[in-house]
Amino acid sequence: MKTNFAQPLTACLATAGLVIASSLLTATQAQAFSLSVAPEYGSTNSLGNVIGTGATATLDFNFVQSGADLLLNLGIKNTTGTQVTAGGATDSSLVAVAFDVLSGVNASVKSTAGSTFTAFWQNVDISGLQDGFDYGISTPRKSFNGGNANGGLYKNQSTLVSFLLTGSSLSAAQAENAFLTGFQNGTLKAGVRFQQVDGSRVGTSDKVMAGVSPDAEPVPEPTTIAGMVMGLGSLVAARRKQAKKALA
């Protein structure tokens, strides 16, 4: 008896297509980009021709629709020492993050579950770096300029804090584009405070600005994702056609 493998294969592809399509369509509900915290964007700790200690981090801005409002899930990761830098930093304690929001938008903390970053601040000044960031999140002490390193994030450690953004009628995709544009053209800014920077200047503190990395990977637009789903659908349809020919 001749065994027909085409039909099971088509069924598998169809099932896989539905699963992948579902995942991709769900992903369109969230829009994201990353900022790189690095001395080339600005640092308060320079020595001779060396700018900054080399303490670095990444800030992931992820926007999710929440009814008429938006959730900003801010991922914070200390990347100090993961690559060789001129400042020579090998580790640090990341204790505070300050950032701006779009004009007319207000932010409040939605969740700090599982995070040591539990203190929320408005109109944050980071001495020597920039005055007047719209909002800030930090370890329990107000550690943008003083305090201690307790509860900070060390090398490769990360945390997530969620904010509720109100006062805007933007969708998640529109907010992602508007925020990213603001950080690119300098109308929005973000900065980070590091303590206990270990390296060529042991035990020092650094305050570092964030910027949009020129080689940052773009987030797929909804139209691109839809095209991927359509392409997968075409593949499944072609397999079905081949299966029917095999049965004829």
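Use the structure listed above.
About the criteria used
Residues numbered from 1 in each chain as written. Predicted model: local features only at pLDDT ≥ 70, side-chain atom pairs only at ≥ 80, totals over all residues. Heavy atoms only, no water. Phe/Tyr/Trp six-rings, centres within 6.5 Å; stacked < 30°, edge-to-face > 60°. Helix = DSSP H or I, 4+ residues; strand = E, 2+ residues; numbered from the N terminus. Buried < 20%, exposed > 50% of the residue type's maximum accessible area, 1.4 Å probe, protein only. Pairing = 2+ DSSP bridges. Contact = heavy atoms within 4.5 Å.

Draft legend 1. Layout of the packing of aromatic side chains. Throughout the structure, instances matching the rule amount to 10 aromatic pairs. Ring centres of Phe 61 and Phe 183 lie 5.3 Å apart, and the angle between their planes is 55°; on these two criteria the pair is classed as tilted. Highlighted residues: Phe 61 in strand β2 (residues 57–66) and Phe 183 in helix α2 (residues 172–185), separated in sequence by 122 residues. Grouping residues by exposure puts Phe 61 and Phe 183 together as buried. Ring centres 6.4 Å apart and planes at 40° place the aromatic pair Phe 99 and Tyr 135 in the tilted group. Taken together, the residues span a long stretch of sequence, with Phe 99 in strand β4 (residues 91–99) and Tyr 135 in strand β7 (residues 130–138) at a distance of 36 residues. There is no split in this pair, since Phe 99 and Tyr 135 are both buried. Every member of this aromatic cluster is reached through a ring pair, and the members are Phe 33, Phe 61, Phe 63, Phe 99, Phe 120, Tyr 135, Phe 163, Phe 179 and Phe 183.

Draft legend 2. Up close: the pairing of strand β3 (residues 69–78). For β3, the buried fraction is high: 8 of the 10 residues fall into the buried class. Bridging between β2 and β3 involves 10 bridges; their strand directions are antiparallel. By the bridge assignment for β3, Ala 57 is matched with Asn 78. The pairing of β3 with strand β8 (residues 158–166) spans 8 bridges and is classified as antiparallel. If you follow Lys 77 over to β8, its bridge partner there is Ser 158.

Draft legend 3. Local environment of the environment of Asn 73. For Asn 73, the position within the fold is in strand β3. Assessed through its relative accessible area of 18%, Asn 73 is described here as buried. In this structure, the C-alpha to C-alpha distance between Asn 73 and Val 161, residues 88 residues apart in sequence, is 5.9 Å. If sequence neighbours within four positions are ignored, Asn 73 has contacts with Asp 60, Phe 61, Asn 62, Val 64, Leu 160, Val 161 and Ser 162.

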